[in-house]
Amino acid sequence: MLKDQIKQYISEQNSDAFAMFKEEKDYVEKNKLVENSQIDVKDPNARFVDAYIERCDKESENMIKNENSSFLSEPLVYLKKHKNEFIYLESNWFELIGVEAVSLEADDVFGTYDVMLGLKLQKKFEKTLKEHLNSHLQGGEAKFDLMFSHDDGLWNLNFALNYVDGFTEEITIGEALLLIYRFLFKLVEAAEEK
């Protein structure tokens, strides 16, 4: 799935010289998906500039405000200061790896930053997903919650961002989303390799 999506992205570039983000470039080179092409690396901070971003109320799930990409420069602790809110984000980049949308919020009880999403992978990948999540989330008791929905054909995945390698509470919301993207990219890549 990931390989097909990246091949399609490459075919849409219409050039021997184009730019990709580091994760996709590394994947292309590792899997030898292109020959004789010059691939430049895009600035990672540009990944979500065209994302659809909402601030929403946790209780009602109603949108509080539709935000532009400048909101991504807010510190992550914004979510702890506004505990009644969560962030909902849609991006073509998340779609590339089979994620419809990502929600991010501060957990009232545990004080963690919780990531919630739907992942488009077949049920047969359950063992690989669980193994990867168990080995790549560092820390606490309830690292993740993973459940397959037969109705949607999606994996409902929730995990604490605090347990992802590289996490620190001093990052911005945009940097948190990049960390989430990298983590999910590796998760999908691991599933594809099995």
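Use the structure listed above.
Residues numbered from 1 in each chain as written. Predicted model: local features only at pLDDT ≥ 70, side-chain atom pairs only at ≥ 80, totals over all residues. Heavy atoms only, no water.

Trainee: Is there a simple way to explain the side chain of Arg 55 in this structure?
Mentor: Within the fold, Arg 55 resides in strand β3 (residues 52–57). Taking relative accessible area as the criterion, Arg 55 reaches 11% and is therefore assigned buried. Here the side chain of Arg 55 touches Glu 67 through a polar contact of 2.6 Å, side chain to side chain. Reaching out from Arg 55, the side chain makes a polar contact with the side chain of Tyr 78 at a distance of 2.7 Å. Sequence-distant contacts of Arg 55, that is, excluding residues within four places in its chain, are made with Asn 62, Met 63, Ile 64, Lys 65, Glu 67, Phe 71, Tyr 78, Glu 85 and Phe 86. (Helix = DSSP H or I, 4+ residues; strand = E, 2+ residues; numbered from the N terminus. Buried < 20%, exposed > 50% of the residue type's maximum accessible area, 1.4 Å probe, protein only. Polar contact = N/O pair within 3.5 Å; in protein donor to acceptor, adjacent residues only side chain to side chain. Contact = heavy atoms within 4.5 Å.)

Trainee: Please clarify how unusual backbone geometry should be interpreted in this entry.
Mentor: Note on backbone geometry: most residues besides glycine have negative phi, and most peptide bonds are trans. For Lys 32, which is not glycine, the phi dihedral falls at a positive 50°. Mapped onto the elements of the fold, Lys 32 is located in the loop between α2 (22–30) and β2 (38–41). Its identity as a non-glycine residue notwithstanding, Glu 61 has a phi of 65°, on the positive side. Within the secondary structure, Glu 61 sits in the loop between β3 and β4 (63–67).

Trainee: Even after reading the chapter, I still don't get the pattern of salt bridges, so can you show me in this structure?
Mentor: Oppositely charged side chains can form a pair if their charged atoms are brought close together. Overall, the coordinates contain 15 salt bridges when judged by the stated rule. Between Glu 189 and Lys 30 there is a salt bridge, with its nearest N and O atoms 3.1 Å apart. Taken together, the positions of Glu 189 in helix α6 (residues 173–193) and Lys 30 in helix α2 put the pair 159 residues apart, joining distant regions of the chain. Given a relative accessible area of 48%, Lys 30 falls into the partly exposed group. Residue Lys 123 is joined to Glu 126 by a salt bridge in which the shortest nitrogen-to-oxygen separation is 3.5 Å. (Salt bridge = Lys/Arg side-chain N within 4 Å of Asp/Glu carboxyl O.)

Trainee: It is not clear to me how the environment of Lys 194 should be interpreted in this structure. Could you clarify?
Mentor: As for its placement among the helices and strands, Lys 194 is situated in the segment after α6. The spatial distance from the C-alpha of Lys 194 to the C-alpha of Phe 125 is 8.4 Å, given a sequence separation of 69 residues. Residues contacting Lys 194, with those up to four places away along its chain left out, are Thr 128 and Glu 131.

Trainee: Would you mind going over the nonpolar core with me for this structure?
Mentor: The nonpolar side chains of soluble globular proteins are, as a tendency, buried together. Membership of the largest hydrophobic core comes to 62 residues, with the highest contact counts inside it found for Leu 161 and Leu 184. With 13 residues, the top contributor of residues to this core is α6. Residues in contact with Leu 161, not counting those within four places in the same chain, are Leu 76, Leu 104, Tyr 113, Val 115, Phe 167, Ala 176, Leu 179 and Ile 180. (Core = buried A, V, L, I, M, F, W, Y, C linked by side-chain atoms within 4.5 Å.)

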